[in-house]
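Chain by chain, the residues run as shown.
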Amino acid sequence: MTFARKRVAALAADAVTAALALTGCADTGSGSTGGSTDGGKGGGDATNLAVTFVPKNLGNPYFDTSSKGGKAAVKAFGGTFNEVGPAEATPDAQVSYINTLTQQGVGAIVISANDPKAICSALNEARDGGVKVVTFDSDTNADCRDIFVNQADSEGIAKVQIDQIAEQIGKKGEVAILSASANATNQNTWIDLMKKYAASEYPDLSIVETVYGDDDDQTSFDKTAALLQSHPNLKGIISPTTVGIAAAARYLSTSEYKGKVFLTGLGTPNQMREYVKDGTVTAFALWNPEDLGYLAAYAADALITGKITGKEGDKFTAGDLGDYTVGADGVVLLGEPFVFNKDNIGDFDF
Ligand code: RAM
């Protein structure tokens, strides 16, 4: 239901807002920019609502959508939204951005990590300087942030992708994984769980290789071609990244493998629509990235204003999404993954 609520909002998308998020421009709404003189340093300023989103990399529609949700939330609670990030999703590419935000004294950094450890000391320096740190989408180690906003239960995300490919290939045969970057916390967690779940539920399905497209369109496209070359008996590909699945679908759609090698994973409806329409892809999954960004921004607000500290049992209200409770290890859960297919994809616009 929350999904439906934000879906309606997504359909009424403000193109100007999206373009601003894309180019990394700050919201000009109420509140100051990250350079306020008190800057939240020392942790005593409960009014520094400068919230900066740092995606894995810029130019990914998934993060454009999560930033759109974040921006809407920040506007609703009267803060200042900004987005900065690297061009490439490499392990420590976000460090210099984090350091700058620490110097500016923002209220909170909301970040999706390319590596569980590589940005930890930068984040902890930010925290020592009074900045609240929310990870969302892809976590760091738990001791480098205040809260992790997880899109869905990791076991559930793994299960839906294996169940989909198993159904599509008839539960039997070789499957490969086209992932994002090699150190991405979220993909690596899901891949481990997918392997375990497949081994226990589908003994005749074998995962033969995992390759990394680095959440880069061209690299993912090339890795798809290479996979098909090196595994002539391949029956299916799982790509647990919106960049990877779109690139793999584009490759398959004009190749001899279309309709023979099945593809599923995690994709955005807007990027996958044409491939569902032309029969390259039957079904894939995701959550609503806009809701994810919205919830992560409200978690930042709750931390900045001292409503929560991030400990288990802490409760806060995330605007229109309603009430959330912090779980074990400072994790807040958005909801369930959702499966898109030709019957429902027309209902979504993100
Ligand atoms: C890509 C990114 C992101 C992931 C989605 C599914 O956009 O890797 O971290 O959650 O795919």
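That block above? That's the structure.
As the structure is a prediction and not an experimental result, all values here were calculated from the model.

## Some words on the site of the ligand
Close to the ligand lie 16 residues, the nearest being K56, D137, Q187, D215 and T242. K56 has a polar side-chain atom sitting 2.9 Å from an oxygen atom of the ligand. Within the side chain of N186, a nitrogen or oxygen atom sits 2.9 Å from an oxygen atom of the ligand. Coverage of the ligand by the protein amounts to 100% of the 290 Å² it exposes when considered alone. Counting atoms within 2 Å of the grid points, the majority share of the ligand lands in the largest cavity. Among the secondary structure elements, those contributing two or more residues to the shell around the ligand are helix 3 (61-76) and helix 7 (185-201). With 3 residues, the single largest contributor to the shell around the ligand is helix 7. The residue makeup of the shell around the ligand, split by class, is 7 nonpolar, 6 polar and 3 charged. Of the domains in this structure, domain 1 (2-151 + 288-335) and domain 2 (154-286) are the two that each give at least three residues to the shell around the ligand.

## Focus: the layout of surface pockets
By volume, the second largest pocket is sized at about 230 Å³. Lining the second largest pocket are 14 residues, with D139, F148, N150, S154 and T189 sitting closest to its centre. For the lining of the second largest pocket, the secondary structure elements donating two or more residues are strand 5 (147-152) and helix 7. Looking at the lining of the second largest pocket, the element that brings in the most residues is helix 7, giving 4 residues. Grouping the constituent residues of the lining of the second largest pocket by class yields 3 nonpolar, 7 polar and 4 charged. Viewed by domain, the lining of the second largest pocket spans two of them, domain 1 (2-151 + 288-335) and domain 2 (154-286), each represented by three or more residues.

## Remarks on the pattern of salt bridges
Scanning the entire structure with this criterion turns up 7 salt bridges. Ionic pairing is found between K311 and D314, a salt bridge with its closest N-O pair at 3.0 Å.

## Here we look at the sheet that holds strand 7 (residues 205-212)
Taking strand neighbours across the sheet as the criterion, the 4 strands line up as 7-6-8-9 in an open arrangement whose pairing is parallel. Of all strands in the sheet, those with a lone pairing partner are strand 7 and strand 9 (262-265), marking the two edges. Within this sheet the neighbouring strands show an average axis-to-axis angle of 25 degrees, counted without direction. Note: strand 6 (residues 173-179) against strand 7, 7 bridges, orientation parallel. Bridge assignment links E174 to a residue of strand 7, and that residue is S206. Contacting strand 6, strand 7 and strand 8 (234-239), helix 7 crosses the sheet at an angle of about 165 degrees to strand 7. Contacting strand 6, strand 8 and strand 9, helix 9 (residues 242-253) runs over the sheet at an angle of about 165 degrees to strand 9.

## Things to note about the packing of helix 3 against helix 11 (residues 289-304)
Between helix 3 and helix 11, the least distance of the axes is 6 Å, while the angle of their chain directions is 40 degrees. Classified by the interaxial angle, the pair formed by helix 3 and helix 11 is oblique. Note on packing geometry: the crossing formed by helix 3 with helix 11 is right-handed. On helix 11, the residues that touch Y62, T65, S66, K68, G69, G70, A72, A73, V74 and A76 of helix 3 are P289, E290, L292, G293, Y294, A297 and Y298. A breakdown of the residues in the contact of helix 3 with helix 11 according to their chemical character gives 10 nonpolar, 5 polar and 2 charged.

## Brief notes about the nonpolar core
Counting 66 residues, the largest nonpolar core has V51, V134, I147, V149, L295 and F316 as its most contacted members. Top contributing element to this core by residue count: helix 11, with 11 residues. Looking at this core, you find at least three residues from each of domain 1 (2-151 + 288-335) and domain 2 (154-286). Beyond its immediate stretch of four places on either side in the chain, I147 contacts V133, V134, T135, A299, L303, I308, G310, V326, G330 and V332. Counting 16 residues, the second-largest nonpolar core is a separate cluster that includes L101, I109, L123 and V131.

What counts, and at which threshold
Residues numbered from 1 in each chain as written. Predicted model: local features only at pLDDT ≥ 70, side-chain atom pairs only at ≥ 80, totals over all residues. Heavy atoms only, no water. Near = heavy atom within 4 Å. Polar contact = N/O pair within 3.5 Å; in protein donor to acceptor, adjacent residues only side chain to side chain. Areas by Shrake-Rupley, 256 points an atom, 1.4 Å probe, with all protein chains shown as cover. 1 Å grid on protein atoms, 1.4 Å probe; cavity = no way out; pocket = protein on both sides within 12 Å on 5 of 7 lines; lining within 4 Å. Sits in = over half its atoms within 2 Å of the grid points. Helix = DSSP H or I, 4+ residues; strand = E, 2+ residues; numbered from the N terminus. Nonpolar A, V, L, I, M, F, W, Y, C, P; charged D, E, K, R; others polar. Domains from an automatic or database assignment. Points joined across faces, edges and corners; volume = space filled by probe spheres on them. Salt bridge = Lys/Arg side-chain N within 4 Å of Asp/Glu carboxyl O. Pairing = 2+ DSSP bridges. Axes fitted to C-alpha atoms, helices over the stretch in contact; angles between N-to-C directions. Contact = heavy atoms within 4.5 Å. Parallel < 35°, antiparallel > 145°, perpendicular 65-115°, else oblique. Left-handed = near helix turned anticlockwise from the far one by under 90°. Core = buried A, V, L, I, M, F, W, Y, C linked by side-chain atoms within 4.5 Å. Buried < 20%, exposed > 50% of the residue type's maximum accessible area, 1.4 Å probe, protein only.

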